[in-house]
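Commentary on secondary and tertiary structure
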Amino acid sequence: MQSPSDLHWKSVKRVLSWSSKKKKSVTRSSTEAEYRAVANALAELLWGKWPSVLFPIVIKNIKYGKPGSDSDAYDAEGRFVPEKFEEIFKKYAHKNANSLTSNEVNELLKKNREPKDYFGWLNASTDWRILYDLAKDKNGELTKEAVRAVYDGSLFEQMARENASKKSS
């Protein structure tokens, strides 16, 4: 197989620069928007912005990972909003003010749904279900401390310490 020549790269550059210019068309469906997003990601890959195999968390890009049907504990810029975090428990923790049961997590997911945001529904549901399964206590409740540990990034460190102490005893 031949390696790409300057002519190949110039052709790709022309196509990408044409596709990145402002268009008069408007995306009419979420499917079309997804196709455009994939095309843009492919364009970035072609320009040498290969993803790292180490999967680093780039703080300035956190905002792009926030789905529409979210709890809003992070704002649109990826900053933690303590008031919104507390609001989760004020609204949905009926049995115990400092923890959520499985049914309360389901209620939170249903109430935070944005209309026709199917990807957001799936994303939020997956996030919260995995969190519930990993971090629920022996009473089957997801504590406020466990949820806060997810938001500040310390949950997995805590779980590793707990597992290490169980193995040593």
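Residues numbered from 1 in each chain as written. Predicted model: local features only at pLDDT ≥ 70, side-chain atom pairs only at ≥ 80, totals over all residues. Heavy atoms only, no water.

1. Comments concerning the environment of arginine 113
Among the secondary structure elements, arginine 113 is positioned in the loop between helix H4 (102–111) and helix H5 (118–135). Separated by 45 residues in the primary sequence, arginine 113 and glycine 68 place their C-alpha atoms 7.8 Å from one another. When neighbours within four sequence positions are excluded, arginine 113 is seen to be in contact with Ser69 and Trp121. (Helix = DSSP H or I, 4+ residues; strand = E, 2+ residues; numbered from the N terminus. Contact = heavy atoms within 4.5 Å.)

2. Quick word on the packing of helix H3 (residues 82–92) against helix H6 (residues 144–152)
Direction vectors running N to C along H3 and H6 enclose 150°, while the axes themselves pass 12 Å from each other. When the axes of H3 and H6 are compared, the pair comes out roughly antiparallel. Between H3 and H6 lies a crossing of right-handed hand. Together, Phe85, Glu86, Ile88 and Phe89 of H3 and Lys144, Val147, Arg148 and Tyr151 of H6 make up the contact between the two elements. Grouping the constituent residues of the contact of H3 with H6 by class yields five nonpolar, no polar and three charged. (Axes fitted to C-alpha atoms, helices over the stretch in contact; angles between N-to-C directions. Parallel < 35°, antiparallel > 145°, perpendicular 65-115°, else oblique. Left-handed = near helix turned anticlockwise from the far one by under 90°. Nonpolar A, V, L, I, M, F, W, Y, C, P; charged D, E, K, R; others polar.)

3. Description of the nonpolar core
Core analysis: the biggest nonpolar cluster contains 22 residues, and Ile88, Leu100, Trp128, Leu142 and Val147 have the highest contact counts within it. Of all elements in the fold, only H3, H4, H5, H6 and helix H7 (155–168) reach the threshold of two or more residues within this core. Of the residues forming this core, the biggest block, five residues, is contributed by H5. Those residues within four positions of leucine 142 in sequence are excluded, and the remaining contacts are Phe89, Asn98, Ser99, Leu100, Val105, Trp128, Leu131, Tyr132, Ala135, Lys136 and Val147. (Core = buried A, V, L, I, M, F, W, Y, C linked by side-chain atoms within 4.5 Å. Buried < 20%, exposed > 50% of the residue type's maximum accessible area, 1.4 Å probe, protein only.)

4. Description of the pattern of salt bridges
Counted under the stated rule, the structure contains six salt bridges. Salt-bridge contacts for glutamate 141 lead to lysine 95; the nearest nitrogen and oxygen are separated by 3.3 Å. Of this pair, glutamate 141 sits in the loop between H5 and strand S2 (142–143) while lysine 95 is found in the loop between H3 and strand S1 (99–100), placing the two residues 46 residues apart along the sequence. A relative accessible area of 62% places lysine 95 in the exposed class. As a salt-bridge pair, lysine 111 and glutamate 107 come within 3.7 Å of each other at their nearest N and O atoms. One end of the pair, lysine 111, and the other, glutamate 107, are both in helix H4, four residues apart, so they sit about a helical turn from each other. What makes lysine 111 exposed here is its relative accessible area of 57%. Relative accessible area serves as the criterion here: at 24%, glutamate 107 is assigned to the partly exposed category. (Salt bridge = Lys/Arg side-chain N within 4 Å of Asp/Glu carboxyl O.)

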